[in-house]
Amino acid sequence: MPPISFVVDRRDSGRTLAAVLKDRLGLTWSQAKRLVANRHVRVGQQVETDVARRLKPGKRIQLDAGSVEQPKREKPPVKRNPKERSPALRPGSRLNKELGSRAPAIPIEIVYADDAIAVVNKPAGLTTMRHAAEAAEFGRGQRFLPTTLADQLPALLGSPDRPVIAVHRIDRDTSGLVAFARTASAARALTRQFRNHTVERRYLALTRGMPESGRIESILVRDRGDGRRGTSRKTDPPDGKTAITHVKPLEALGDFAVVDCRLETGRTHQVRIHLGEAGTPLCGERIYDRPINGRPAPDKSGAKRPMLHAASLGFTHPETGEAMRWEAKPPADFAAIWAVLRSQSEPQ
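The rules behind each value
Throughout, residues of each chain are indexed from 1 in the direction in which the sequence is written. With the structure being a predicted model, the display of local features is reserved for residues of pLDDT at least 70 and the display and counting of side-chain atom pairs for 80 or more, all residues being used for whole-chain, interface and lining totals. As a convention, hydrogens and water are excluded, and side-chain values are obtained from all of the structure's heavy atoms. Here, any two strands with at least 2 DSSP bridges between them count as paired. Counting from the N terminus, the helices are DSSP H or I runs at least four residues long and the strands are E runs at least two residues long. Whether two residues are in contact is decided by their heavy atoms, any of which lying within 4.5 Å being enough. Lines fitted to C-alpha atoms define the axes here, with helix axes fitted over just the stretch in contact, and angles between the N-to-C directions of these axes take values from 0 to 180 degrees. Aromatic rings from Phe, Tyr and Trp, with only the six-membered ring used for Trp, were paired whenever their centres fell within 6.5 Å, and each pair was classed as stacked if the ring planes differed by under 30 degrees, edge-to-face if by over 60, and tilted otherwise. Exposure categories follow from relative accessible area, calculated using a 1.4 Å probe and restricted to protein chains: below 20% of the type maximum is buried, above 50% is exposed, and the middle band is partly exposed. Distance and angle both matter: a charge sits over a ring if NZ of Lys or CZ of Arg is within 6 Å of the ring centre and within 35 degrees of the ring normal.

Draft legend 1. Region of interest: the sheet that holds strand E4 (residues 60-63). Across the sheet, which stays open at both edges, the 4 strands sit in the order E1-E4-E2-E3 with antiparallel pairing between neighbours. Edge positions in the sheet fall to strand E1 (4-7) and strand E3 (46-47), since each has one partner strand and no second. Judged from the 2 bridges that link them, strand E2 (residues 41-43) and E3 form a sheet pairing that is antiparallel. Among the inter-strand pairings, Val43 is bridged to a residue of E3, identified as Gln46. Running over the sheet, helix H1 (residues 17-25) touches E1, E2 and E4 and is turned about 110° from E1.

See below:
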């Protein structure tokens, strides 16, 4: 088949990539997942490997030529002994192999754990948790989605049948510290702390340009006018949420900088949006790196993802009342970009 291309409209706005591919092309969940996993799908000009990515209106979806499977002719049902196990559940079956492919491929560091909480240094490229709306949309098809940190953590903690509760999240491509509750009472207590803005959250960022030191406050909406999240021009938008970030430059690196960002609130993509709208987007940023309907800012950093790392996390233990705080060094890719930019900025 020739290449397939279509533009996301309002009807599909906010839906996951897999769901749109399934409905638009008449695919099964597994076929849609396989297309994305095999790197046959582009969103805009970038190959997309996350089947759960939520789409914005106006985005062009492109599929490689010959990548869409032709519908197979239905076969008559085969009668089986009802006591016989389904072939899909037998060892070595296609379904079991697909489920096995969801096993963690990225090392996960458990920084702290007890009976009430767990704090993890999340690697970039791993989703924190599955959103409730996404779980409802996929239903049984969730088994074809990549596993999340919340999926993998129970087994890593030695209690595979005891789910953890995510009380906050960080972006898939952001690395760093994230906390989980292991009991309902701990989840309620931690959620109150996050809601009351008493949790310490600091991020390290590598930016294009040096942002001004100070407090950034804005009203964030899902669509600022070009399909991207951002600051609303309206004074009281119906879906608006106040977002506050405290920005402090730490090191000048020529045309780049290392920046400390303290979150007073925790909105989706908050740091990325605030730094981008300040004219100093993250190195590696490909969404919040431009004004409304404007061109992307140049990026010569060489970063392959947004350079953002949740470096410190602190809160009151939900059961003991003890003040606790953790720090995590940036991962290798972040440290490597930092080192290169520093060496390039030094006098020769």
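Draft legend 2. Just the packing of aromatic side chains, in detail. One pass over the full model with this rule turns up 3 aromatic pairs. Between the aromatic rings of Tyr112 and Trp326, the centroid separation amounts to 5.7 Å while the plane-to-plane angle is 45°, which identifies the pairing as tilted. Here Tyr112, found in strand E5 (residues 109-113), pairs with Trp326, found in strand E15 (residues 323-327); they are 214 residues apart in sequence, far enough to count as distant. For Tyr112, a relative accessible area of 25% gives the class partly exposed. Look at Phe334 and Trp338: their rings are 6.2 Å apart centre to centre, the planes differ by 75°, and that puts the pair in the edge-to-face class. Highlighted residues: Phe334 and Trp338, both in helix H8 (residues 332-345), separated by 4 residues, approximately one helical turn. When sorted by exposure, Phe334 lands in the same class as Trp338, which is buried. Put simply, the rings of Tyr112, Phe315 and Trp326 pair up and form one aromatic cluster. One Lys or Arg, Lys22, reaches over the ring of Trp29 and ends 5.3 Å from the middle of that ring.

Interpretation in functional terms is not warranted from these geometric data alone.
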